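# Overview (structure and organization)
Here is what each chain is made of, one letter per residue.
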Amino acid sequence: MCGIFAIFSSSLPESDLRRELITCSSRLRHRGPDWSGYKVVEADPANGRPLPHGIAHERLAIMDPESGSQPLVSPDGHIIVAANGEIYNYKELYQTLKKEYKPKTGSDCEVILPLYDEHGPTEALVNQFRGMFSFILYDRNTDTIFIARDHMGITPLYIGWGNDGSVFVGSEMKTLIGECTKFQWFPPGHFYTNKGPNAGEFQRWYKPNWAPEMLPGCPLPKEHYQADILRHAFERAVTRRMMSDVPWGVLLSGGLDSSLVAAICARNISRRSTSFPKLHSFTIGLENSPDLIAAKKVADKLGTIHHAYTYTLQEGSDAIRDVIRSIETYDVTTIRASTPMYLMARKIKAMGIKMVISGEGADEVFGGYLYFHKAPNAQEFFDETVDKLSRLHMYDCLRCNKAMSAWGVEPRVPFLDADFLQVAMNLDPNEKMIRTGPGVPKEEKRIEKWAMRKAFDTPEDPYLPEEILWRQKEQFSDGVGYGWVDHLRDIAENEISDQMFAAAANRFPHNTPTTKEGYRYRMIFEEFFPGEAAEKTVPGGKSIACSTERAMAWDESFSKRADPSGRAAGVHDSAYHEHFEADTKLGGEEPAAKKQKN
């Protein structure tokens, strides 16, 4: 995972622009500690380039570490590209070119150069890529800027505007702070160009048939469930992400999603050669936490070289400020879950590992969060999954990418593979809905993510132990140890006075925090990322166990239990007491204690 940055149409002299380019880009060096590359294109009014441009790249070398440095330049020197991420089908794309092209490097991103030469700044160009990517392209011949981001926003990207009319683009928000008064997320599945009939607008290129605009309300998909098709599609998604020229491993929480990823990787490695290096797996948690115990069982079954890291409540809380600075959000659940991942990434990097494959995205695709137990019908269920996927770039994709990239580790997420999504999201939502309770016959009962569990339930050649394959969903911030979330709430209670919290709406009129924990994170965020533009990059609204606001109407109790923890949904084996209330109360009776169900 690299860092990319650019300043287009700057009013600065070339020497000052280069200095500014390096200053801003260096804020991304944690993402790409292996090399830095800078290109400044001088103004040339006589040839249609009235102002200078600068493009920068901070490299994490995973493919072709020897010669794949960026920005990449076309053979004729006219096209410049800085890219972040991976294009997994790059070898196949070279075969589709109309004109023969001899790559100068082994970088998967070099394929952008000849494809742009054929397709220009169009939707047709970006639609061919399978992977996670964001890239900045400049064409000297036509003074064309072309910027694109992958279908789900797996790689982060922001865009901002300077007072002089310049355009800033960066992998992280910290590159824009102090440079732009107006900036925002670059929307996933879109591209931007300064030429053509829609110049200066974000144009959608990702238009899946199940939700062409990634909005709810589309007709329900009707594909029948076929276990083998779903299984094979996911296996392809995982093996596609195993390409690497450096040591890599898997994140293994012991839950269904990460365990399936690890199982497929382990199988493929063993088939290559008995002498092939064993797979490394990594997990983290408080001492004796659910994830540590479950991950050990999976690792033993798969035969991975397993690394189980523990952290203390103090170590976690000490890291909160660094975590917020790294992940650039004040969202409560994202911070809770990012902290152990941030700590684990540091350990992984110390092992010499630069890439890991992870299980993010499965809960959004299959309705795996525990609140989906309350979905009233298939339409509501499907609309919620679409909404969840459309917002992933502000939540789990942000958490996974930035927490790992803070230490120069690249995470890859096969559940968000575009081809796999085409199979999984076209599945009839009735096949995904959760069916439990005393009135449901045993043969018809289905727990969360039943479709994936059943697809890999192959007793004749088991992928996973049965107790793992059918283990109840744990959100990462819960699975690392139930005491972690409660500890964070207690810290906020001690640090944020009642007087401070009573004035929350005055201090933070936008997305006013409803808990002292949220207030504390907002204060820290504001230190690093001041201003209205920064605060508006973070979504708000009530949520129950990571839901959108739509799901708050699914159950009457949700309105008072709005907390990101999976235990708040009331269906977990260790759920909070039925009278638990999430919001901080002042001047009256305190909320019910977070007692677990007996």
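Turning to the overall build of the chain, a few remarks are in order. Scanning the chain from terminus to terminus reveals 22 helices and 17 strands. Relative to its length of 598 residues, the chain is compact, with a C-alpha radius of gyration of 24 Å against a globular reference of 25 Å. For the chain, with 598 residues in total, the buried portion stands at 61%. The long-range share in the chain, meaning contacts at least 24 apart out of those at least 6 apart in sequence, stands at 69%. Accessible surface, the chain: about 23,000 Å² in total, of which carbon and sulfur atoms supply 49%. The distance from the centre of the 71 positive side-chain charges to the centre of the 82 negative ones in the chain is 2 Å.

Taken as a whole and assessed by the stated rule, the structure comprises 37 salt bridges. Linking glutamate 213 and arginine 204 is a salt bridge whose minimum nitrogen-to-oxygen distance equals 3.8 Å. You can call arginine 204 buried: its relative accessible area is 15%. Its salt-bridge partner being lysine 516, residue aspartate 498 comes within 2.6 Å of it at the nearest N-O pair. Of this pair, aspartate 498 sits in helix 19 (residues 498-502) while lysine 516 is found in helix 21 (residues 516-528), placing the two residues 18 residues apart along the sequence. A relative accessible area of 44% places aspartate 498 in the partly exposed class. Overlapping salt bridges, with partners in common, bring together Arg31, Glu172, Lys174, Glu328 and Lys402 in one network.

Now for the confidence of the model for the chain. In the predicted model, the chain carries a mean pLDDT of 92, and the fraction of residues at 70 or more is 92%. Across residues 589-598, where pLDDT falls below 50, the model places 25 contacts with residues more than four positions away in sequence or in other chains.

What follows concerns the sheet that holds strand 2 (residues 35-41). With respect to topology, 6 strands assemble into an open sheet ordered 2-3-1-9-8-10, the strand pairing being antiparallel. Taken across any chain shown, the strands that pair with only one partner, and hence form the sheet edges, are strand 2 and strand 10 (182-185). Strand-to-strand twist across the sheet, computed as the mean angle between neighbouring axes with direction ignored, equals 10°. Sheet analysis places strand 1 (residues 3-8) next to strand 3 (residues 53-59), joined by 5 bridges and oriented antiparallel. By the bridge assignment for strand 3, isoleucine 7 is matched with glycine 54. Docked against the sheet, helix 1 (residues 14-25) engages strand 1, strand 2 and strand 3, running at close to 150° with respect to strand 2.

Moving on to the sheet that holds strand 14 (residues 280-285). The strand order across the open sheet formed by 5 strands is 15-14-13-16-17, and the pairing between neighbours is parallel. This sheet does not close on itself; its edge strands, each paired only once, are strand 15 (305-310) and strand 17 (410-412). On average, each strand axis in the sheet is tilted by 30° relative to the strand beside it, whichever way the strands run. Strand contacts of helix 6 (residues 256-272): strand 13 (248-251) and strand 16 (355-357), with the helix running at about 150° to strand 13, the strand carrying the most contacts.

Applying the stated criterion to the full structure yields 34 aromatic pairs. Here phenylalanine 508 and tyrosine 519 contribute two aromatic rings whose centre-to-centre distance is 5.3 Å and whose plane-to-plane angle is 75°, an arrangement assigned as edge-to-face. In this pair, phenylalanine 508 sits in the loop between helix 20 (504-507) and helix 21 while tyrosine 519 sits in helix 21, placing the two residues 11 residues apart along the sequence. Here the two residues phenylalanine 508 and tyrosine 519 agree in accessibility, since each one is buried. Taken together, the ring pairs in this structure connect Phe129, Phe133, Phe135, Phe146, Phe191, Trp205 and Tyr206 into an aromatic cluster.

It is worth spelling out the nonpolar core at this point. Among the nonpolar cores identified, the biggest contains 164 residues, and Phe129, Phe135, Trp210, Phe234, Phe420 and Met452 are the most heavily contacted of them. The dominant element in this core, judged by the number of residues it contributes, is helix 6, at 9 residues. Sequence-distant contacts of phenylalanine 234, defined by excluding residues within four places in its chain, comprise Leu260, Val261, Ile264, Pro414, Phe415, Phe420, Met452 and Phe456. Listed in part, the 17 residues of the second largest apolar core include Ile4, Ala6, Ile159 and Val167.

Reading the values: rules and limits
- Residues numbered from 1 in each chain as written.
- Predicted model: local features only at pLDDT ≥ 70, side-chain atom pairs only at ≥ 80, totals over all residues.
- Heavy atoms only, no water.
- Helix = DSSP H or I, 4+ residues; strand = E, 2+ residues; numbered from the N terminus.
- Rg over C-alpha atoms; globule rule 2.2 N^0.38 Å.
- Buried < 20%, exposed > 50% of the residue type's maximum accessible area, 1.4 Å probe, protein only.
- Contact = heavy atoms within 4.5 Å.
- Areas by Shrake-Rupley, 256 points an atom, 1.4 Å probe, with all protein chains shown as cover.
- Lys, Arg positive; Asp, Glu negative; His and termini not counted.
- Charge placed at Lys NZ, Arg CZ, Asp CG, Glu CD.
- Salt bridge = Lys/Arg side-chain N within 4 Å of Asp/Glu carboxyl O.
- pLDDT = per-residue confidence, 0-100.
- Pairing = 2+ DSSP bridges.
- Axes fitted to C-alpha atoms, helices over the stretch in contact; angles between N-to-C directions.
- Phe/Tyr/Trp six-rings, centres within 6.5 Å; stacked < 30°, edge-to-face > 60°.
- Core = buried A, V, L, I, M, F, W, Y, C linked by side-chain atoms within 4.5 Å.

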